[in-house]
Amino acid sequence: MEKKKIPMLLLCLLIVAIFYFTPAPMGLEENSWHFLGLFIAVIMAVILQVMPLGAVCLIAIAIVAITGITTPQSSIRETQIKTLQTIVMQDQSNSHKAAMDKAIQEVSLAALVEANTQKGLKAEVEAITSSSLHKDLQITELSKLYTKKTSATQNKKLLAESKIKALNELALKIMPQKQIDEKVNNAISKLKSKTGIKDALSGFSNSLIWLIVVSIIVARGVIKTGLGERLAYYFISIFGKKTLGIAYSIVFSETVLAPVTPSNTARAGAIINPIVQAISRSFKSTPEDGTQGKIGTYLSLVNFQANPISSAMFITATAPNPLVVDLVAQATNMDIHLSWAQWALGMFLPGIAAMLVMPLVIYFLAPPEIKSTPNASEFAKGKLKELGSMKRSEKIMLGVFLLLLALWAGALGLLFGISLDATTVALFGLSLVLLSGVLTFGEVLAEKAAWNTLIWFSALVMMATMLGKLGVTQFLAEQLGILASIMGLGEISIMFFLAIAFLYAHYFFASTTAHISAMFFVFYSAGLALGAPPLLYAFIMITAGNVMMALTHYATGTAPVIFGTNYVSLKKWWGVGFVISVVDMIVMISVGLLWWKVLGFY
C-alpha cells in the first residue's frame, strides 16, 4: 500500500472502531451494528481508493470469514442454549427435564416482569401476574406487552437470555463455570467458523454475477472478430455527424430492446456495450492510450445511464419489476395489481422525457473532446467498403449475438414454452464461441476485467445481502418511517421523502433485486399507512426503484460490465451518477405527475 493512502486507511478503521465501541440502537443486534460499520468502511475504502477495488473486497471477504460477524445473534444464543441443555440433560432423566423447564419458566417470568416494569407498565404487569392464568400464559401475555413497547427482536433476545441464565445455573450443579464456558465458547466458535466462510463466499454463487462475467468475455469476441468495428461503422454512417447523434442512437436502441429483454445487464452490458467500445476505438479513444476522454467516456456514461431509464419503462425490462408488481399487490390487499399495459402506459412518457434530457446533461458533465464529426458518416462508409464482406468469425459472432438476443428476449418461451435463465443463455453463447474457435480458453483466462469483476462484485453483493439477513435494512427503513411520521409530513411530501430515502439507500446495495426484496414492501407500506395515494405512490416508488441503478459502479449488473472497460474513472462515475439520479427523478416525476393525472391514477 502507498504511504499516502495510510491516513485514508486509518479513517476507514476509525469508522469500524466507532461502530464497534458504540452501543447498538434498540431493535438491532450488536453484530448487525458492527457489520454496518464494516460495510460503510469498505464502501469508504472503495471511494477513497485505499487499495485496488478487488484487493479491498478480498480483504472484506477474509474479515467476514475470519470473524464470523454475519452469524446472527439469535443463532449464537440458540447454540448456547443447546450446549447448556446438553450439559443439564446428560442423563436424559425426566426429573432433570422437569427441573429445567421449571427454572426456565421462573427466570423468564421474572425477567419479563422486571423489563415491563422498567418500561412503565407496572399496572399492566400486576394485572397479568395476579390473574388466574397459568404461568406459561402469563409469559405469553407479558411477551406481547414487551414486544409492543420495544420490538419482537428485543423480546426474543430477552427470553433467550433468560433461558441461558436459567440453564447456566443448573449446569453449575454439574460442572464449574470455567468448564461450562469452554464448552459454550467452543460450540459458538464452530458455528461462527462455519457460518463465516459460507457467507463470505456466498456471492460467488450468485447467477447475476456470472452473467456479468460471461457478458464481459463474450464482448471480447465481438471486438476480436472485428464485428464490433463493423457495427460501429454502420451506426456512425447513420448517426455519426454529431457525437450527440451517436448518443441518441444508443438511447433509441435501449428503448427498443427494453420490452423484450428481461435482463438489463444483457441489454446494456452484452448487446450495446461492445458496440459502444468499438465506436470509441474507431475514434482512437481508448483507456490504454489515455484517450478515453475523446468520446469513449461520454458514450460509456450514456450507455449506462440509459439503462435505468429503460428498465423503468416496462415490467419486462428488468428482473425486479415483476417482484414490485407482487409487493404492491400484497401491500394493497390485491386492490392494485399492475398489468404490463398499465405499467408501460404509465412509465412510457416519463421515460421518454428522461431519455431525451439525459444525454444532454452528461454532455455537460463529461463533455467529449470530439463534439462534431461532419465527415464521420462518409468516413464510416468508406471503412465499411475497406472491410469488405464479413469474415467467417464475424458471421459466427453475429449469429451468436443474434441468438443470445433472441433467447434473452424469451423466444424459446414464446415458441416452445421453454424458460432459460439469462446466465444460462450467456454460458450457452460462450460455449458456442469457444466451440467455434472464435475465442480460445487462453483468451478467456486473459480477460482480467471479467475475473476482477467476479471478485469485487461478489464481495459487495455478499455484504449487501448480509445487511438484509442481519436485519439492518429493515431497521433503517422502519426508522425512516418513524422519522417521517414525527416530521408530520403530508400525503404528498411523505411519498417523496420515503421514495428519496429508498432511492439513496441503494448506496448500501449491490443488487436491485436484493434492495427491492429487503426494503420496497416496508417503504411502500409505511407510505400507505401515512396516507399516500396507493397507485400514485406505486409509480413514484417504481421510478425511484429503477433510477437508483444510476448511482454507483456496483448498483446493478450493468454497472460493473461498463465500468470494467475503464473508460470512466470511479470519481466521475459516482459524480455523474448522483447528478443524473436527481435529474431523472425531477424529469420523470414532473412529467409523471401530469401524465398520471391525465390517466386518472390519482
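**Q** I tried to follow the overall build of the protein on my own but got confused; where do I start?
**A** A count of helices and strands for the protein gives 28 helices and 0 strands. Each principal axis of the C-alpha atoms in the protein carries an extent, and together these give about 95 × 55 × 55 Å. Of all intrachain contacts in the protein linking residues separated by at least 6 positions in sequence, the fraction that spans at least 24 positions is 79%. For the protein, the accessible surface area stands at approximately 26,300 Å², while carbon and sulfur atoms represent 65% of it. One way to put it: in the protein the 45 positive side-chain charges average out to a point 7 Å from where the 33 negative ones average out.

**Q** What exactly am I supposed to notice about the packing of aromatic side chains here?
**A** Aromatic ring pairs are described here by two measures, namely the spacing of the ring centres and the angle between the planes. Taken as a whole, this structure holds 20 aromatic pairs when the rule is applied. On the numbers, 5.6 Å between centres and 40 degrees between planes, the contact of Phe539 with Trp596 is tilted. Of this pair, Phe539 sits in helix H26 (residues 534–547) while Trp596 sits in helix H28 (residues 570–598); the two residues are 57 residues apart in sequence, bridging distant segments of the chain. The exposure class assigned to Trp596 is buried, which follows from its relative accessible area of 0%. Three or more aromatic residues joined by ring pairs form one cluster here, namely Phe502, Phe520, Phe523, Tyr524 and Tyr537. Of note, Lys597 hangs over the ring of Tyr602, and the distance from its end group to the ring centre comes to 4.9 Å.

**Q** Just checking my understanding: could you explain the pattern of salt bridges for this structure?
**A** Side chains bearing opposite charge may pair, as long as their charged atoms lie close to each other. Applying the stated criterion across every chain yields a total of 11 salt bridges. Lys4 is paired through a salt bridge with Glu2; the nearest N and O atoms lie 3.6 Å apart. The class for Glu2 is partly exposed, based on a relative accessible area of 46%. In this structure, the salt-bridge partner of Lys391 is Glu394, at a minimum N-O distance of 3.3 Å. For Lys391, a relative accessible area of 44% translates into the label partly exposed.

**Q** Sorry, what's going on with the packing of helix H10 (residues 207–225) against helix H20 (residues 422–435) here?
**A** Angle between the axes and distance between the axes: these two values describe a pair of packed helices. Put simply, H10 and H20 touch, their axes get as near as 9 Å, and they point 30 degrees apart. When the interaxial angle is binned, H10 and H20 end up roughly parallel. In the crossing of H10 with H20, the sense of the turn from one axis to the other is left-handed. Along the contact surface, H10 presents Ser207, Leu208, Trp210, Leu211, Val214, Ile217 and Val218, while H20 presents Ala422, Thr423, Ala426, Leu427 and Leu430. By residue class, the composition of the contact of H10 with H20 is 10 nonpolar, 2 polar and no charged.

**Q** Looking at this structure, I do not really get helix H3 (residues 53–67). What am I missing?
**A** Under the 1.5 Å per step criterion, the end-to-end length of H3 is 21 Å for 15 residues, consistent within 8% with the ideal 21 Å. Those residues of H3 that are buried are in contact with helix H2 (30–48), helix H9 (177–200), helix H22 (448–469) and helix H27 (558–563).

**Q** Would you explain unusual backbone geometry in this entry?
**A** For residues besides glycine, phi is generally negative; the peptide bonds are generally trans as well. The phi dihedral of Gln49 is positive, around 55 degrees, even though this residue is not glycine. Tracing the sequence through the fold places Gln49 in the loop between H2 and H3. The phi dihedral of Lys284 is positive, around 60 degrees, even though this residue is not glycine. Of note, Lys284 is situated in the loop between helix H13 (264–282) and helix H14 (296–313).

**Q** What is the right way to look at the side chain of Glu254 in this model?
**A** Tracing the chain through its elements places Glu254 in helix H12 (residues 243–257). The buried category is assigned to Glu254, whose relative accessible area is 0%. Side chain to side chain, Glu254 and Asn307 meet in a polar contact 3.0 Å long. If sequence neighbours within four positions are ignored, Glu254 has contacts with Arg267, Ala268, Ile272, Asn303, Ala306, Asn307, Ser310 and Met355.

**Q** Quick question: what am I supposed to make of a nonpolar patch on the surface here?
**A** On the surface, Leu414, Leu415, Phe416, Ile418 and Leu420 cluster together to form a nonpolar patch covering roughly 580 Å² of accessible area. Owing to a relative accessible area of 59%, Phe416 belongs among the exposed residues under this scheme.

**Q** Would you mind going over the side chain of Ser253 with me for this structure?
**A** For Ser253, the position within the fold is in helix H12. A relative accessible area of 17% means that Ser253 is categorised as buried. A distance of 2.8 Å separates the side chain of Ser253 from the backbone oxygen of Ser249, its partner in a polar contact. For Ser253, the contacting residues outside a window of four places in its chain are Phe235 and Ile272.

**Q** In this structure, what is going on with the state of the cysteines? I would like to understand it.
**A** Throughout this description, disulfide means a covalent bond between two cysteine sulfur atoms. Using the criterion set out here, one finds 0 disulfides in the structure. No disulfide involves Cys12; its sulfur sits 12 Å from that of Cys57, the nearest cysteine. With a relative accessible area of 5%, Cys12 lands in the buried category.

**Q** Got a minute to help me understand the packing of helix H23 (residues 472–486) against helix H25 (residues 512–529) in this structure?
**A** Their axes nearest at 9 Å, the elements H23 and H25 cross at an angle of 20 degrees. On the basis of the axis angle, H23 is roughly parallel to H25. Between H23 and H25 lies a crossing whose hand is right-handed. Contact residues: H23 offers Thr473, Gln474, Ala477, Glu478 and Leu480, while H25 offers Ala518, Met519, Val522 and Phe523. The residue makeup of the contact of H23 with H25, split by class, is 6 nonpolar, 2 polar and 1 charged.

**Q** Which parts of the structure should I look at to understand helix H24 (residues 491–504)?
**A** Since the α-helix turns once every 3.6 residues, residues separated by three or four places project in the same direction. The end-to-end C-alpha separation of H24 is 21 Å, in line with the 20 Å expected for 14 residues at 1.5 Å each. Taken residue by residue, H24 has Ile494, Met495, Leu498, Ala499, Ala501, Phe502 and Leu503 as its buried positions. Along its buried surface, H24 packs onto H23, H25, H26 and H28.

**Q** I keep staring at the environment of Ala411 and nothing clicks. Help me out?
**A** If you trace the backbone, Ala411 turns up in helix H19 (residues 411–416). In this structure, the C-alpha to C-alpha distance between Ala411 and Ala17, residues 394 residues apart in sequence, is 53 Å.

**Q** Can you help me understand the environment of Leu365 in this one?
**A** For Leu365, the location among the structural elements is in helix H16 (residues 340–365). With 210 residues separating them along the chain, Leu365 and Gly575 place their C-alpha atoms 8.9 Å apart. Discounting chain neighbours no more than four positions away, the residues touching Leu365 are Lys572, Val576 and Val579.

Conventions and cut-offs
- Residues numbered from 1 in each chain as written.
- Predicted model: local features only at pLDDT ≥ 70, side-chain atom pairs only at ≥ 80, totals over all residues.
- Heavy atoms only, no water.
- Helix = DSSP H or I, 4+ residues; strand = E, 2+ residues; numbered from the N terminus.
- Contact = heavy atoms within 4.5 Å.
- Areas by Shrake-Rupley, 256 points an atom, 1.4 Å probe, with all protein chains shown as cover.
- Lys, Arg positive; Asp, Glu negative; His and termini not counted.
- Charge placed at Lys NZ, Arg CZ, Asp CG, Glu CD.
- Phe/Tyr/Trp six-rings, centres within 6.5 Å; stacked < 30°, edge-to-face > 60°.
- Buried < 20%, exposed > 50% of the residue type's maximum accessible area, 1.4 Å probe, protein only.
- Lys NZ or Arg CZ within 6 Å of the ring centre and 35° of its normal.
- Salt bridge = Lys/Arg side-chain N within 4 Å of Asp/Glu carboxyl O.
- Axes fitted to C-alpha atoms, helices over the stretch in contact; angles between N-to-C directions.
- Parallel < 35°, antiparallel > 145°, perpendicular 65-115°, else oblique.
- Left-handed = near helix turned anticlockwise from the far one by under 90°.
- Nonpolar A, V, L, I, M, F, W, Y, C, P; charged D, E, K, R; others polar.
- Expected span 1.5 Å × (residues − 1).
- Polar contact = N/O pair within 3.5 Å; in protein donor to acceptor, adjacent residues only side chain to side chain.
- Patch = residues over 30% accessible without salt bridge, like charges linked within 9 Å, V, L, I, M, F, W, Y side chains within 5 Å.
- Disulfide = S-S within 2.5 Å.

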